[in-house]
Structure formats: structure tokens, C-alpha cells
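# Structural features, examined
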Amino acid sequence: CNVVGDRIRQARLAAGLTLDEVAGRMVEHGQPITTAGLSKYEKNKSTPNQVFLVQLARVLKVKPAFFVSEPT
């Protein structure tokens, strides 16, 4: 299912951040990623690992479970 990419995009937009800004913050959290890499995740062309998602959750200020749970 393609929940993860959609949820990453939702969380990023809710945080009011661009792909560039998120990529920059991920570097600061020790999880370097390119804007293109992030875009692939959002488009469900690639799946991030758990460690990445935990850091991304910190950056976007959501719980890691947000990315894998179905929208209610």
C-alpha cells in the first residue's frame, strides 16, 4: 500500500516545509537525503527505512506511527 509516501507528504505540508527544507533538517539529524530522494519517498517510488522515518518524524513533529497508520 502507498500510505507511507502520502503520509510523509501530508506531514511535510502540515509543517509548512519544502522538500529542500526537510532535506536540510534531515542532514542535521544525521540522516542525509537529497531533495530527489525525499520526492521519491513521497511519490512511493522508494520506501524509507525505520531509522529514517523516526528521524523524519522528529523533523516534522509527528509520531513515527503517523507514517504507517491509515488516515482516520
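Attention in this report is confined to the structure presented alongside it.

### Here we look at the nonpolar core
- Grouped together as the largest cluster of nonpolar side chains are 18 residues, with contacts concentrated most on Val22, Leu38, Leu56, Leu60 and Phe67.
- Mapped by element, the contributors of at least two residues to this core are helix 1 (3–14), helix 2 (19–28), helix 3 (35–42) and helix 4 (50–60).
- Setting aside chain neighbours within four positions, we find Leu38 in contact with Leu19, Val22, Ala23, Ile33 and Phe52.

### Quick look at the packing of aromatic side chains
- Here the structure, examined in full by the defined rule, presents 2 aromatic pairs.
- Taking the centre distance of 5.9 Å and the plane angle of 75° together, the rings of Phe66 and Phe67 count as edge-to-face.
- Here Phe66 falls in the partly exposed class, since its relative accessible area comes to 24%.

### A closer look at the side chain of Gln31
- Relative to the helices and strands, Gln31 resides in the loop between helix 2 and helix 3.
- In this structure Gln31 comes out as buried when scored by relative accessible area, which is 18%.
- Apart from residues lying up to four places away in sequence, Gln31 is in contact with Met26, Val51, Phe52 and Gln55.

### Focus on the pattern of salt bridges
- Taken as a whole and judged by the stated rule, the model has 2 salt bridges.
- In this structure, the salt-bridge partner of Glu42 is Arg9, at a minimum N-O distance of 3.7 Å. Taken together, the residues Glu42 in helix 3 and Arg9 in helix 1 connect sequence positions 33 residues apart.
- For Glu42, a relative accessible area of 8% corresponds to the buried category.
- The shortest N-O distance in the salt bridge between Glu42 and Arg12 comes to 2.5 Å. Taken as a pair, Glu42 in helix 3 and Arg12 in helix 1 lie far apart in primary sequence, 30 residues in all. For the pair Glu42 and Arg12, one class covers both residues: buried.
- Via salt bridges that share partners, Arg9, Arg12 and Glu42 belong to a single interconnected network.

Rules behind the numbers
- Residues numbered from 1 in each chain as written.
- Predicted model: local features only at pLDDT ≥ 70, side-chain atom pairs only at ≥ 80, totals over all residues.
- Heavy atoms only, no water.
- Core = buried A, V, L, I, M, F, W, Y, C linked by side-chain atoms within 4.5 Å.
- Buried < 20%, exposed > 50% of the residue type's maximum accessible area, 1.4 Å probe, protein only.
- Helix = DSSP H or I, 4+ residues; strand = E, 2+ residues; numbered from the N terminus.
- Contact = heavy atoms within 4.5 Å.
- Phe/Tyr/Trp six-rings, centres within 6.5 Å; stacked < 30°, edge-to-face > 60°.
- Salt bridge = Lys/Arg side-chain N within 4 Å of Asp/Glu carboxyl O.

In short, geometric facts, not functional conclusions.
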